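# Close look at the chain arrangement
The residues making up each chain are set out below.
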Amino acid sequence: MSSPKKILIIGIAGGLAQMTARLILTENPEWEIIGIDSRNVVNVPPLKNLTAINLKYSRGNFENLFRTHHFDVVYHLGRISHSSNEQNVLAKRIDLSVMGTNRILELCERSGIKKVIILSTFHVYGALSDNSIFLTEDAPLRASIRHPELRDVIEMDQICTNWMWKNQKSISTVVLRPCNIIGTQIQNAMTRFLSGTIALSPMDYNPFFQFIHEFDMAHILYKSLDTVPTGTYNVAGNDFISLREALNVVGTKSIPFPMILAGGMNEVLKKLSINVPDYLLDYLKFSCLISNNELKKHLGPNFLRFSIKEALELIKLR
Amino acid sequence: MLNLNHLLLSPEDEQKITHLFQELREKYRDYKDPWGFNIDLCEKAVRKLLPVYRHYFKVRVFGAENVKDHPYIVTSNHSGQIPIDGMLITIAFLMDVSPPRVLRAMVERFLAQLPFLGDFTAQTGSILGDRANCSYLIENGESILVFPEGVRGISKNTSDFYKLRHFSEGFYRIALQKKTPILPVCVIGAEEMFPFVFHYKKVAKLLKVPALPLTANLFPLPSPIDIYIGQEIPIPEHMGPEALDKDIKENVYHIENSIKRLMITGLKNRRPFIDPIRKPISKYIIKEFKGKS
């Protein structure tokens, strides 16, 4: 890599952000990373040249950070998880993911940042019964048709892509829409679903899934620094797997369950706060497979280290 | 009288299925289907349904020699109240056509979302009727089965039997894009599986289902089925998928006419079944077609 860089990672309390930071500093020990998060950062591993700060990126002192440090690259990995439907969390999501992202992008533009890498999600497409196979980056973002509570996820993606094209001449921006990221360090709904002691397995549907191991995702985030040009990219491997097969590979005991009853049961579970997110139920019925052709153009035909089965087997270590 | 042997496969069919699926397993060895096509389940389904195909519907296939060894967009009329015609055409292309192939039938969006049935149809080779899906399959050397009449084809009242509904044009744009020839097919006899039908269109709309037929019989009658396969229709070299609607319509009309011709031949040569209903319908169709052409 070229001359030493100063990097800002937003969302450093997350497992994926920490892996990415470690990877960057292993490859480039002289670079400097400032990691911020609105969550507690005491568990961020102490790495040379990594400073973790507990900071809300919608606050005024966030602006000072850009003035004090002259960042070359900004990683925005701080989107608030959309796996909760509670009203107060929803308000927080809109505040941080939408308003916060707007603020981050505005500061990037003002501070003359050269590269911005943003982590979105494939959930923007939505799991619908009439999804085409291997959705490309141009496919409409339809997740909020059935789940309006996901509007922050779509809005954030759209804010980023609009901003990306507006500033394409001065700032190189990469928006990544990864499939299900799984791994031992990541805390998302799909990893929890697969690696639990038991999992309800739909008996009336058997959708297909794409999974990417967290290490591979961190590697792609790192490669996006120099190898991937401005654009929106789906991130997935070449392979896919049915849900039943995935549960078999992980070795999770699955209990067959009719999805036709899942919605009602989830409403009951909501009262006990042990529900699964509503949108996830759709993913247990209908496939949402994404095309990786755009990313392949820059990273080569086989850009992942772990196959889907290996990635699934690795979450057994959790 | 019920012959119990008809519930079983004949030794010839038994042998043919075993050999056929060995070949298909070899063909699909390195192919992973994103809709979940399951060759083992497909074999099981054919083993169960072939006696029905042979002895209940007594299917005859005409024009099998027109099928060549390359992918097609097989385009058929749609009839009967449930898409049994699709199942029979698929079995015909496996058992009575050479080289045999698994036709990937395009199904309605409504079907794809149904519990159990959506998964079963996907595993036996059907997929959601969508341009991206068709293109993907054709690129992978598969032949697809389309019913351009859509659900309008099967949701007909008795008085409309053997009247082709307007063909949608989407399939022809895919054919143009992928330069894949059309193979016209006509199914005769499927309409009479449910000879007396009335459609509650308003109730169907209220229940958000594509059709709600009221039939005299709940189980399909053993109407003898004839499947006519026409000559393949090549795709014009000079025309692309972005051609004007009027040019597309002209070609689609030509395909409709090919199927109508097969229909007239079929109606003349059909085997006797509920003749008091069928004969007047046949006469009307033939007269109407002659009048138009």
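These figures come from a predicted structure and were not determined experimentally.

Within chain B one finds eleven helices and nine strands. A compact globule built from 293 residues should have a C-alpha radius of gyration of about 19 Å, and chain B, at 19 Å, falls within 12% of that. Overall, chain B is about 55 × 50 × 40 Å in size when its C-alpha atoms are taken along their principal axes. Out of the 293 residues in chain B, the part that is buried amounts to 54%. Of all intrachain contacts in chain B linking residues separated by at least 6 positions in sequence, the fraction that spans at least 24 positions is 80%. Charged side chains of chain B number 40 positive and 33 negative; the gap between the two group centres comes to 7 Å.

Structurally, B:Glu23 is set in helix 1 (residues 11-27). Considering only alpha carbons, one finds B:Glu23 and B:Val59, 36 residues apart in sequence, at a separation of 24 Å.

To continue, consider the interface of chain B and chain A. If you look at the interface, chain B gives 17 residues, while chain A gives 18 residues. Taken as a group, B:Lys32, B:Pro34 and B:Phe116 account for 35% of the area that chain B buries against chain A, more than any other trio of residues on that side. The interface formed by chain B and chain A holds three salt bridges in total. Residue A:Asp239 is joined to B:Lys32 by a salt bridge in which the shortest nitrogen-to-oxygen separation is 3.5 Å. The interface formed by chain B and chain A contains eight residue pairs in polar contact (both at pLDDT 80 or more). Secondary-structure elements contributing two or more residues to the side of chain B that touches chain A are helix 4 (109-112) and helix 6 (131-139) of chain B. Element by element, the count of residues in the side of chain B that touches chain A is highest for helix 6 of chain B, at three residues. Taken together, the residues of the side of chain B that touches chain A sort by class into nine nonpolar, three polar and five charged.

All told, the structure shown has 35 salt bridges over all chains when counted by the stated rule. Residues A:Lys297 and A:Glu294 are paired through a salt bridge, measuring 2.7 Å at the closest nitrogen-oxygen approach. With A:Lys297 and A:Glu294 both in helix 11 (residues 293-299) and three residues apart, the pair spans about one turn of that helix. Note that B:Asp245 and B:Arg173 form a salt bridge whose closest N and O atoms lie 2.5 Å from each other. Taken as a pair, B:Asp245 in helix 10 (residues 245-269) and B:Arg173 in helix 8 (residues 170-178) lie far apart in primary sequence, 72 residues in all. For B:Asp245, a relative accessible area of 45% translates into the label partly exposed.

Cut-offs applied
Residues numbered from 1 in each chain as written. Chains lettered and ligands numbered in written order. Predicted model: local features only at pLDDT ≥ 70, side-chain atom pairs only at ≥ 80, totals over all residues. Heavy atoms only, no water. Helix = DSSP H or I, 4+ residues; strand = E, 2+ residues; numbered from the N terminus. Rg over C-alpha atoms; globule rule 2.2 N^0.38 Å. Buried < 20%, exposed > 50% of the residue type's maximum accessible area, 1.4 Å probe, protein only. Contact = heavy atoms within 4.5 Å. Lys, Arg positive; Asp, Glu negative; His and termini not counted. Charge placed at Lys NZ, Arg CZ, Asp CG, Glu CD. Buried area = accessible area lost by both parts, 1.4 Å probe. Salt bridge = Lys/Arg side-chain N within 4 Å of Asp/Glu carboxyl O. Polar contact = N/O pair within 3.5 Å; in protein donor to acceptor, adjacent residues only side chain to side chain. Nonpolar A, V, L, I, M, F, W, Y, C, P; charged D, E, K, R; others polar.

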